[in-house]
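# Survey of secondary and tertiary structure
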Amino acid sequence: MKILDRYILTSYLKTFFTVFIILMFIFVLQTIWLYIGELAGKDLDVFIILKFLLYFSPKLVPLVIPLTILLTSIMTFGNFAENYEFAAMKSAGISLQRAMRSLTFFILLVSAIAFLFANNVIPAAEYKSINLRKNIAQLKPAMVISEGVFNELGEINIKVDKKSGNKDQYLDNVIIHKKNERRSGNFTVIKATSGELVGSEGSNILSLILRDGNYYDEIQSSSPAGRLKKPFAKSHFEEYMINMDLSGFNDVDLNEERYSNSHNMLKISELKQTIDSFSTSYNQEVDGLTRNMYNRTGLSTMSTEVKPRIDTVHDVNKGILPLYEPYRASQIINLALGNVNGAVTTIDSKRAELVQASKRLNKFEIALHEKYVLAFACIVLFFVGAPLGAIIRKGGMGLPMVIAILIFLTYHFIGIFAKNSAEEGTISPFLATWLSTLIMLPLGILLTYRATTDQGLFGFSIIYEPIKKLLKKAQIMGRNEKD
């Protein structure tokens, strides 16, 4: 390695590791701030809290690494330009691409490591963190439930207004939606004035004792007319106990379809296998619904060899109901309405299932592409930051920090909005995952070109040159009119 390459690489590495440690520390502090409500005041050991942060830290790397590369590139090349080191290199015939050569190999190495890290370390850390949260939930059952929002716990969704007690075991204004395997929807609701969580260390059973409440159960009638009446059963209780099995809470060994965050725990090979399985299941559900709705129309059993009577005179525009007696026609109408209402109910219930299945499948596809995007983003952001630093000619933590944060926030927010749209099925998961990186790619090419040709950050000539030509043309036309 030549002296110049070694000098550039050494300068870059010093800044890189310094920035990485600082940013990692900032993001870990943010994590502590987000989870302080769950961790503080639970009598947890410091070692458990540190272990929780250790398991959570790898999930921060996809944010920290690209920002580190972008900021380090701007700072390093900004320092070179500010101290006229680039001017000395160019006077010796060394171009910007030649100066970036040693760093390009380093960035490729970082990209490969980032890919392996995202494919192996992050899924393992997700596995460990979820199991740790499960163990904490067993030690401190109140951590399972957050105030003011619905929390899914096995077969129930529970919401409480306030928690109290030394272990937050006492609950106020409890609302529970109880699930039923036989039917989908919130048909059973339990409301109680107060409640108490009772659990013991080493036990997977969490007991919820409700006091002074009501039990509502909506009755599903088999007839459409009965469903319109919306019948339900109500009962009052002084004390009611619900036992919940915590062995299924955030258990990574359970079926992945039950957990929306299980995609973070899988490697590429496992993601591909899961996506194939989900895609096959989704297509089978759609085909089954299509066949079911077609069979309910009765077209498959309808006779097509109907010959009308020759002596029948009927106006086709009035339909077929006038051919029947009023009582028989009303029966036909009621039967048709019942079939239509049943079909609409089936489609509505199945639509909700298919929407959830589609969202789940989209999340797995997004998780698959994110592992590739992280490596490619490291390369693209390097070619954005390095020429940008050479153009602005400013090092240090001032202006480069501001520019890097603005660029990264734009990159990050585009990715977040695109991924949220992809989960809803608005755009393709592939396009959503790669969109922010593909937007940064032409920016990197443009900045590299402008830095190589010694142009400024913005080419104002693009704006004033057409105006200048237009004014010149107007002057010429004015002279011709005078002549």
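Residues numbered from 1 in each chain as written. Predicted model: local features only at pLDDT ≥ 70, side-chain atom pairs only at ≥ 80, totals over all residues. Heavy atoms only, no water.

An unreviewed UniProt entry annotates the protein as LptF/LptG family permease of Salinimicrobium flavum. As recorded by UniProt, the Subcellular location (unreviewed entry) comment attached to the protein reads in full: "Cell membrane". (UniProt positions renumbered as here; feature names shortened; annotations may be inferred.)

### Topic: the overall build of the protein
Secondary structure summary: the protein contains twelve helices and six strands in total. Counting the 483 residues in the protein, one finds 36% classified as buried. Within the protein, counting contacts between residues at least 6 apart in sequence, those at least 24 apart form 69% of the total. Split by element, the accessible area of the protein, about 28800 Å² in all, is 60% carbon and sulfur. (Helix = DSSP H or I, 4+ residues; strand = E, 2+ residues; numbered from the N terminus. Buried < 20%, exposed > 50% of the residue type's maximum accessible area, 1.4 Å probe, protein only. Contact = heavy atoms within 4.5 Å. Areas by Shrake-Rupley, 256 points an atom, 1.4 Å probe, with all protein chains shown as cover.)

### Overview of the environment of G425
By secondary structure assignment, the location of G425 is in the loop between helix 10 (399-423) and helix 11 (429-452). Along the sequence, G425 and K359 sit 66 residues apart, while their C-alpha atoms lie 7.1 Å from each other.

### Describing the pattern of salt bridges
Close approach of charged atoms allows side chains with opposite charge to pair. For the structure shown, the criterion picks out six salt bridges. Linking K359 and E424 is a salt bridge whose minimum nitrogen-to-oxygen distance equals 3.4 Å. Here K359, found in helix 9 (residues 326-392), pairs with E424, found in the loop between helix 10 and helix 11; they are 65 residues apart in sequence, far enough to count as distant. Given a relative accessible area of 53%, E424 falls into the exposed group. Ionic pairing is found between K419 and E370, a salt bridge with its closest N-O pair at 2.8 Å. With a gap of 49 residues between them, K419 in helix 10 and E370 in helix 9 connect regions that are remote in the sequence. Each of the salt bridges in this network shares a partner with another, and the network as a whole consists of E196, R211 and E239. (Salt bridge = Lys/Arg side-chain N within 4 Å of Asp/Glu carboxyl O.)

### A look at the UniProt feature "transmembrane region" (unreviewed entry) in the protein
The positions that UniProt labels "transmembrane region" (unreviewed entry) are, in the present scheme, residues 12-36, 60-81, 102-122, 372-392, 399-418 and 430-449. Here residues 102-122 runs as 100% helix and 0% strand, with 29 Å between its end C-alpha atoms. Counting secondary structure, residues 430-449 comes out at 100% helix and 0% strand; the distance between its end C-alpha atoms is 29 Å.

### Quick notes on the packing of helix 10 against helix 11
Running from N to C, helix 10 and helix 11 point in directions that differ by 165°, and their axes come no closer than 8 Å. The angle between helix 10 and helix 11 places the two elements in the roughly antiparallel class. Helix 10 and helix 11 meet at a crossing whose hand is right-handed. Here I407, Y411, I414, G415, A418, K419 and A422 of helix 10 come into contact with helix 11, specifically with P429, A432, L435, S436, T437, I439 and M440. Class assignment of the residues belonging to the contact of helix 10 with helix 11 gives a composition of ten nonpolar, three polar and one charged. (Axes fitted to C-alpha atoms, helices over the stretch in contact; angles between N-to-C directions. Parallel < 35°, antiparallel > 145°, perpendicular 65-115°, else oblique. Left-handed = near helix turned anticlockwise from the far one by under 90°. Nonpolar A, V, L, I, M, F, W, Y, C, P; charged D, E, K, R; others polar.)

### Quick look at the packing of aromatic side chains
Overall, the coordinates contain 15 aromatic pairs when judged by the stated rule. Their ring planes at 90° and their centres at 5.6 Å tell us that F16 and F106 sit as a pair that is edge-to-face. Of this pair, F16 sits in helix 1 (residues 3-39) while F106 sits in helix 6 (residues 101-139), placing them 90 residues apart in sequence. Residue F106 is classed as buried on the basis of its relative accessible area of 15%. Ring geometry for F430 versus W434: centroids 6.1 Å apart, planes at 40°, classification tilted. Residue F430 and its partner W434 are located together in helix 11, separated by four residues, close to a single helical turn. Assessed through its relative accessible area of 46%, F430 is described here as partly exposed. (Phe/Tyr/Trp six-rings, centres within 6.5 Å; stacked < 30°, edge-to-face > 60°.)

### Description of helix 9
In this model, helix 9 (67 residues) spans only 86 Å end to end at C-alpha, well below the 99 Å of a helix rising 1.5 Å per residue. Positive backbone phi, approximately 55°, marks R393, located one or two places after helix 9. (Expected span 1.5 Å × (residues − 1).)

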